[in-house]
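The chain contents come next:
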Number of protein chains: 2
Amino acid sequence: MSDQVFGEIEGYPEGTTFESRMELKDAGLHKYHIAGISRVLGIGCDSIVLNGGYVDDKDFGDEILYTGEGGRPEGSPRQIFDQELIKGNLDLSKNKNSGHPIRVIRGFKHFEPEYAPNSGYRYDGLYYLEDYWPDIGEDGYRIWRYKLVLAPTSSLPAENSIQNETATTPRRRERVSNQIVRDPRIPEKLKQIYNFTCQVCGIRLNANGVPYAEGAHIKGLGNPHNGTDTTDNMIILCPNDHHLFDAYGFSINDDFSLIGKEGSLIVDRRHLIQVENIRYHRSKYQLAIQE
Amino acid sequence: MSDQVFGEIEGYPEGTTFESRMELKDAGLHKYHIAGISRVLGIGCDSIVLNGGYVDDKDFGDEILYTGEGGRPEGSPRQIFDQELIKGNLDLSKNKNSGHPIRVIRGFKHFEPEYAPNSGYRYDGLYYLEDYWPDIGEDGYRIWRYKLVLAPTSSLPAENSIQNETATTPRRRERVSNQIVRDPRIPEKLKQIYNFTCQVCGIRLNANGVPYAEGAHIKGLGNPHNGTDTTDNMIILCPNDHHLFDAYGFSINDDFSLIGKEGSLIVDRRHLIQVENIRYHRSKYQLAIQE
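Residues numbered from 1 in each chain as written. Chains lettered and ligands numbered in written order. Predicted model: local features only at pLDDT ≥ 70, side-chain atom pairs only at ≥ 80, totals over all residues.

Right, let's talk about the overall build of chain A for a bit. Of regular secondary structure, chain A possesses seven helices and 14 strands. At 21 Å, chain A has a C-alpha radius of gyration in line with the 19 Å of a compact globule built from 291 residues. Judged by the C-alpha coordinates and their principal axes, chain A covers about 65 × 40 × 35 Å. (Helix = DSSP H or I, 4+ residues; strand = E, 2+ residues; numbered from the N terminus. Rg over C-alpha atoms; globule rule 2.2 N^0.38 Å.)

Written as structure tokens, this is what we have:
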């Protein structure tokens, strides 16, 4: 795999505009002239185009809720079946763990006028895939949802009104950091209760007398889940089960039996868990495994 | 546990100076008037004092290699026995996982003149514990070594020469970020070879068709280990074994059998591992378990 696939492409800085998808392709910014997800097969996604292809896309400038591909007949913007975690969607998912940056390109048909270029396509810098999960889209079918967050080295795209004043070099807006602040006392309190034992598998990691476990939020923090940073939205897990839980590899029933995994969640009577949080997680899990 | 234990103490911003350890204690910045490690018992460390107590301390301003406590008779700066991962050392270790910030206070006897105040004590802002490990100190005994890194919200302490010009409000130096850049292609290549299977326990995590494993550096990156970001210094592990390996909970013999854990490392013939890297890790492991 070439050095040049992921990240900035020399000669094409943030804010560069292109007349057409073909021009984007020739410049090496986006491999395909129709598909929105450009990828290195089996490795990850190097670039996406936002151009009004899916009604569920949401764009906040420094955060994008991108819709995966598929679930609609060619040429139609409406979904008539479920999206699958395969092909472009599967490769895009891999960026969460690999940390590969994704070039974001916005097109003139992008539904969010604040960020769409007036014509053609604009390369808007690098984003990282923070998370992905299944959702029900506007048309009632499963979509795979990707949360992309602007890289610290990239700037917010210029708003259109500002951009028009300075056609050659678009001005960039200042970023406001929206890092989620987690209170370390919340997981610590629970770790003491469970003595660092995983509530799913019962393992207690210990290296030279220092135990280790992690606090996992049941309903995710941050946009769009907006779960709370409280003990009733948290369970104590070993890192392996934390990963699987966050990736909807298993979930929890109302009676604390596990779904997608053997056994039951170990729950101490001092630890109250909000059933709404469990139901939120389970609804994502059920969507994820839906055939 | 009070809200005020960890982090900034109101009324005492970075750069505040104190006449004595008693003044520091009364201000709530550091609990004890002799011990260098102030802590919330069983939870973590809230503050440390650097004041020439241990010959092995190293101070680079935005990075500190702090020496744990113990191993010497009271009043002597020289070690005559091994330090243990107990008491203050154990609680300080917990900051790596909890993420609690640590107040750093430099005293006039601090061996590093560039950063020591001319008299008394100076509160120098918040640091995070990036890592800890055992080492052999200058006197030939085991020390526990803590790597503290300046919080992004804090400034470098003023150098003494500058500070003298402006006695009341010490000037702060600009920081240069020294984040270690890791190449995501290095672990990815190995993950393909091992098909995301842990080289220690053989588990392969998989959620909805997306496999997950982590690339663990054998000899750590960054100061002072300075391991290389290459496949001959990396193994593929599940998150649980990655944690235990990094915390020296187990290690690897030259013949790839494990030490401190059953079994042998699974090694593909396409994956060459530098034996020097394994020996470096094992030397830390052997120090860690030394009675």
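We now examine helix α5 (residues 185–194) of chain B. Those residues of α5 of chain B not exposed but buried are Pro187, Glu188, Leu190, Lys191 and Tyr194 of chain B. Viewed end-on, α5 of chain B has its buried residues packed into an arc of 165 degrees, placing them on one side of the element. Packed against the buried residues of α5 of chain B are α3 (95–98) of chain A together with β11 (214–217) and β12 (234–237) of chain B. Asn195 of chain B, located one to two residues past α5 of chain B, shows a positive phi value of around 50 degrees. (Buried ≥ 20, exposed ≤ 12 C-beta atoms within 10 Å, placed from the backbone. Arc of directions from axis to C-beta. Contact = placed C-beta atoms within 7 Å.)

Right, let's talk about the pairing of strand β8 (residues 142–150) of chain B for a bit. Residue and element names in this part refer to chain B. Here β8 lies mainly inside the structure; eight of its nine residues are buried. Looking at chain direction, strand β5 (residues 63–67) and β8 are connected through five bridges and run antiparallel. The residue bridging Ile64 from the neighbouring strand is Leu148, located in β8. In terms of strand pairing, strand β7 (residues 121–136) meets β8 through nine bridges, oriented antiparallel. Paired with Trp133 across the bridge in β8 is Arg145. (Pairing = 2+ DSSP bridges.)

Attention shifts here to the domain arrangement of chain A. When the parts of a complex come together, some accessible area is lost, and that lost area is often used as the size of the interface. All names here are of chain A. Per the domain assignment, the segments making up chain A are domain 1 (17–165) and domain 2 (185–289). Computed over C-alpha atoms only, the centres of domain 1 and domain 2 are separated by 31 Å. The interface is formed by six residues belonging to domain 1 together with six residues belonging to domain 2. Broken down by secondary-structure element, the contributors of at least two residues to the side of domain 1 that touches domain 2 are β5 (63–67) and β7 (121–136). Considering each element in turn, the side of domain 1 that touches domain 2 owes the most residues, three residues, to β7. (Domains from an automatic or database assignment.)

Moving on, we come to unusual backbone geometry. Residues and elements named next belong to chain A. Each neighbour pair has its own omega, and for Asn223 with Pro224 the value is 0 degrees, a cis peptide bond. Its location among the elements puts Pro224 in the loop between β11 (214–217) and β12 (234–237). Even without a glycine there, the phi angle at Asn195 is positive, about 50 degrees. Tracing the backbone through its elements, the reader meets Asn195 in the loop between α5 (185–194) and β9 (205–207). Asn195 gets classed as exposed once you count the C-beta atoms within 10 Å, which come to 11. Even without glycine at this site, Phe196 takes up a positive phi of about 65 degrees. Turning to its location among the elements, Phe196 is positioned in the loop between α5 and β9. Residue classification places Phe196 among the buried residues on the basis of 20 C-beta atoms within 10 Å.

Residue-level contacts link 29 residues of chain B with 29 residues of chain A. Looking at the side of chain B that touches chain A, the elements that each hand over two or more residues are α2 (87–93), α3 (95–98), α5, β9 (205–207), β10 (210–212), α6 (239–246) and α7 (275–289) of chain B. Broken down by element, the residue count for the side of chain B that touches chain A peaks at four residues, all from α6 of chain B. Looking at the side of chain B that touches chain A, its residues break down into 16 nonpolar, ten polar and three charged. (Nonpolar A, V, L, I, M, F, W, Y, C, P; charged D, E, K, R; others polar.)

Moving on to the relation of the copies chain B and chain A. The relation between the two copies of this chain is a rotation about an axis and a shift parallel to it. Of the transformation superimposing chain B on chain A, the axial component is 0.0 Å and the angular component is 180 degrees, with the fit at an RMSD of 0.0 Å. Those values place the two copies in the arrangement expected of a two-fold rotation axis. Comparing interface residues between copies, 100% of those in chain B also sit at the interface in chain A, which points to an isologous, same-surface contact. (Least-squares fit on C-alpha atoms with pLDDT ≥ 70 in both.)

Moving on, we get to the confidence of the model for chain A. All names here are of chain A. Summing up the model confidence of chain A, the mean pLDDT is 90 and the portion of residues at 70 or higher is 91%. Within the model, pLDDT remains below 50 along residues 161–171, and this stretch shows eight contacts once partners closer than five positions in the same chain are excluded. The ipTM assigned to the predicted complex is 0.85, against a pTM of 0.86. (pLDDT = per-residue confidence, 0-100.)

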